[in-house]
Amino acid sequence: MSSQLPAALESPLVVASNRGPVSFQRNDEGALVGERGSGGLVTALAGVLFESDATWLAAAMTDGDHEVAASGRPIDVEPAGRAAFVDVPKERYDGYYNGVSNRVLWQLHHYLFDLSYLPTWDLESRQIWDDYREVNRLFAHALEHHGDREPVYLVQDYQLSMVPGMLRELRPDARIAHFTHTPFAAPAYMRVLPGPFREDLLRGMLGADVLGFQAEQWAENFLLSARDSLPDVRVDMRRRRVHVDDRTVLVRTYPVSLDPGPLRATGRSAEVKALRRSISSWRGDTKLLLRVDRLELSKNVLRGFQAYESFLHDRPDWHGRVRFLALLPRSRSEIPEYQLYAQRCREAVDSINAKFGTPGWEPVEMRTDENYAQAVAAYGLYDALLVNPIFDGMNLVAMEGPLVNKRHGALILSRNAGAFARLGRHAIPVNPFDVAETATAIAEALEMPEDERVRRARGMGRAVLARNPVRWLTSQLRDLDVAAGVTSQSSQELQESGWAFHEEIGGA
C-alpha cells in the first residue's frame with residue numbers, strides 16, 4: 001500500500017452500516033427532513049463520526065431515503081458529515097435482512113439455534129444467501145463510488161460481512177476496517193453453516209486491513225474459525241494477525257463506549273423530568289427493579305421474568321415492597337420466532353401478576369412502546385438494574401444506567417455480556433441460564449447495604465467513563481496506519497499518547 005497516503009486520522013471517512021444515523025421524509029412543505037435514527041450502533045457512534053469529515057452510507061428505508069439514493073449525492077447532516085443511501089430492491093432486502101442477517105447470522109453469533117431441528121439448509125436458504133451476497137455487493141459498489149478522496153472505509157457489523165472483500169476487489173489499495181458489534185461464534189458453532197457460506201463470511205471479512213471486535217473472546221473466535229476453515233491463510237494467534245494472499249490483516253479489540261454528554265442532556269430535559277415523576281408516582285414507596293431491552297431472543301427476557309417469579313416465591317417478605325418495570329420495545333416483530341417469544345414474555349408477566357398481585361400492588365409491568373426518554377427517566381430511579389443477556393457484543397444499557405442513576409442502584413450483569421469485562425467487578429454477576437442464581441442476585445441487589453451500593457456505583461461510573469467513542473475510532477485509525485505502513489506527525493502523536501486500546505492491555 002502506498003506510503004504517500006495521508007494518515008488515517010487526517011483522511012475523510014466513509015462509513016457503511018445497514019441502518020444509518022438519520023432517515024428522511026418530505027414534510028408538508030415538500031422539504032426533505034431528517035430524523036435521527038435509533039439503535040445501539042447509532043447511539044454509540046453517530047456523535048463522534050458526525051463531528052468528523054464523514055459520509056455514512058446505509059440502506060434506504062423511507063421514500064425520502066430512496067430519493068437521496070436516486071440523486072447519487074449525499075445530503076448534509078448536522079452538526080457535520082453527510083448521509084447517503086444504497087437503493088436495495090425490496091425483494092433482495094427481505095432475504096438479506098430478515099432471512100440471513102436476522103434468522104441466520106444473529107442466531108449464529110448469539111448461539112440461539114435449537115440444533116435439534118434448526119437450522120435446515122435447503123434451496124430457500126441458498127436463495128436468501130444469494131440475496132445477502134447481492135446486497136453486500138451493492139454496498140461495496142456504493143462505497144467505491146464515494147472513494148474519490150482516498151478515504152478510510154469503516155464497515156459496520158455482521159450484516160455487511162462480505163463488503164470488505166468485495167470492496168478490496170474494486171479498490172485494491174483501499175484502507176478498510178470492519179467492526180463487529182455482536183459476539184462472534186466459536187469455530188464449532190460456525191461449522192453449523194454450510195462450508196461455502198462460512199467461507200464467504202470469513203474471506204469477506206478478511207478483505208479488511210483491520211478487523212475489530214468488542215471483546216478478546218470474539219476476536220479469538222474469529223481467528224480460530226479462520227484457521228479452522230481456510231487452509232490457505234496463515235493465522236498468528238499470538239500477534240493477532242492473519243496473512244492472506246500478500247496482505248496482513250490485524251485482528252483487534254476496540255470496546256465500544258458511549259458519550260455521556262447527550263445521555264445526560266436527555267436526562268435533564270423537561271420530557272424526561274415529567275416521565276420521571278410519573279414513574280415515581282407509579283412506583284410509590286416500593287423498590288424499583290428495572291430492565292431496559294429490546295424484546296429480542298438474545299436478551300434473555302423470559303428467564304429474567306422467571307427469576308423474578310422465583311424471587312417472589314422464595315421471599316414473601318418482599319411482596320408489596322418491590323415493583324419490576326420492564327421496558328421492552330418490540331424487535332423484529334415480523335419474524336415468527338420473535339412473535340412467539342413476545343407472547344411467552346407477556347404470558348409470564350400475566351402469570352406473575354395473577355399469582356402474587358394484590359388489589360394495591362402489581363408486581364411487574366411490561367411496556368413495549370418505543371420511548372427512549374422513558375428509558376432514561378427510569379434509569380434515574382432504579383434500585384436494581386437487571387442485564388442478563390445470553391450473549392451480546394457489549395451492552396450499552398449496562399453502561400447507560402449507572403451514568404444516569406441517582407440512587408446508587410445495583411447492577412445485576414450476565415457474565416456473557418460484553419460489558420462484563422469492564423463492569424463485572426462492580427456488578428452482581430450471574431450465569432444467564434441459572435434462574436435460581438439470578439433470583440438470589442435480585443435479593444442481593446435490593447438488600448445491599450448503602451455503603452456497598454455507593455462503592456460499586458462509583459466504580460461503575462469510573463469504568464464507563466474511562467473510555468469513549470473517540471478512543472474507539474482513533475484506535476482503529478491508528479491501526480489502519482500500522483497495517484498500511486503510513487506514518488505522520490499526528491499518527492505518531494496518537495501512538496505515543498496510548499490511544500490504541502490493544503496497547504493499553506498489552507496486546508499487539
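Values in this document were obtained by computation on a predicted structure and should not be read as measured data.

A.B. asks: Break down the confidence of the model for the protein for me, with residues and values.
C.D. replies: Across the protein, the average pLDDT comes to 91, with 92% of residues at 70 or higher. Low pLDDT, under 50, characterises residues 488-508; the predicted model gives this stretch 39 contacts beyond four residues in sequence or across chains.

A.B. asks: Report on the pattern of salt bridges, specifying residues and quantitative values.
C.D. replies: Oppositely charged side chains may form a pair once their charged atoms are brought near each other. Summed over all chains, the structure comprises 29 salt bridges. Measuring nitrogen to oxygen at the nearest pair gives 2.4 Å for the salt bridge that ties Arg315 to Glu447. Of this pair, Arg315 sits in the loop between helix H11 (301-314) and strand E14 (322-327) while Glu447 sits in helix H16 (residues 435-447); the two residues are 132 residues apart in sequence, bridging distant segments of the chain. With relative accessibility at 23%, the residue Arg315 sits in the partly exposed group. Residue Arg407 pairs with Asp383 through a salt bridge whose shortest N-O separation is 3.0 Å.

A.B. asks: Pulling in residues and values, what's your account of the sheet that holds strand E13 (residues 287-292)?
C.D. replies: The strand order across the open sheet built from six strands is E15-E14-E13-E16-E17-E18, with neighbouring strands paired in parallel fashion. Of all the strands in the sheet, just strand E15 (364-367) and strand E18 (428-430) have a single pairing partner and so form its edges. Within the sheet, the average angular offset between the axes of one strand and its neighbour, ignoring direction, is 20°. Strand direction decides the pairing type here: strand E17 (residues 410-414) and E18, joined by three bridges, are parallel. Looking at the pairing, Leu413 lines up with Pro429 of E18. Across the sheet, helix H13 (residues 372-379) touches E13, E14 and E15, and the angle it forms with E13 is around 140°.

A.B. asks: Go over the packing of H11 against helix H12 (residues 336-356), please, and point to the residues and values.
C.D. replies: Here H11 crosses H12 at 10°, and the two axes come no closer than 9 Å. When the axes of H11 and H12 are compared, the pair comes out roughly parallel. Contacts from Val301, Leu302, Phe305, Tyr308, Glu309, Leu312 and His313 in H11 reach Tyr341, Arg344, Cys345, Ala348, Val349, Ser351, Ile352, Lys355 and Phe356 in H12. Here the contact of H11 with H12 is built from residues that sort into 11 nonpolar, two polar and three charged.

A.B. asks: Explain the nonpolar core to me, and be specific about the residues and the numbers.
C.D. replies: In this structure, Phe222, Phe305, Tyr308 and Phe311 are the most contacted members of the largest nonpolar core, which totals 105 residues. Discounting chain neighbours no more than four positions away, the residues touching Phe305 are Phe324, Ala326, Leu328, Cys345, Ala348, Val349, Ile352, Val364 and Met366. Counting 54 residues, the second-largest nonpolar core is a separate cluster that includes Trp56, Val152, Tyr379 and Leu403.

A.B. asks: Give me helix H4 (residues 123-145): which residues, what numbers.
C.D. replies: Across its 23 residues, H4 extends 33 Å between first and last C-alpha, which sits within 8% of the 33 Å expected from 1.5 Å per residue. Along H4, the positions that sit buried rather than exposed are Ser125, Ile128, Trp129, Asp131, Tyr132, Val135, Asn136, Phe139, Ala140, Ala142 and Leu143.

A.B. asks: So what's going on with a positive patch on the surface? Residues and values would help.
C.D. replies: On the surface, a cluster of positive charge is made up of Arg264, Arg268, Lys273, Arg277 and Lys406. By secondary structure assignment, the location of Lys273 is in helix H10 (residues 270-283). The class for Lys273 is partly exposed, based on a relative accessible area of 41%.

About the cut-offs
- Residues numbered from 1 in each chain as written.
- Predicted model: local features only at pLDDT ≥ 70, side-chain atom pairs only at ≥ 80, totals over all residues.
- Heavy atoms only, no water.
- pLDDT = per-residue confidence, 0-100.
- Contact = heavy atoms within 4.5 Å.
- Salt bridge = Lys/Arg side-chain N within 4 Å of Asp/Glu carboxyl O.
- Helix = DSSP H or I, 4+ residues; strand = E, 2+ residues; numbered from the N terminus.
- Buried < 20%, exposed > 50% of the residue type's maximum accessible area, 1.4 Å probe, protein only.
- Pairing = 2+ DSSP bridges.
- Axes fitted to C-alpha atoms, helices over the stretch in contact; angles between N-to-C directions.
- Parallel < 35°, antiparallel > 145°, perpendicular 65-115°, else oblique.
- Nonpolar A, V, L, I, M, F, W, Y, C, P; charged D, E, K, R; others polar.
- Core = buried A, V, L, I, M, F, W, Y, C linked by side-chain atoms within 4.5 Å.
- Expected span 1.5 Å × (residues − 1).
- Patch = residues over 30% accessible without salt bridge, like charges linked within 9 Å, V, L, I, M, F, W, Y side chains within 5 Å.
- Areas by Shrake-Rupley, 256 points an atom, 1.4 Å probe, with all protein chains shown as cover.
- Lys, Arg positive; Asp, Glu negative; His and termini not counted.
- Charge placed at Lys NZ, Arg CZ, Asp CG, Glu CD.

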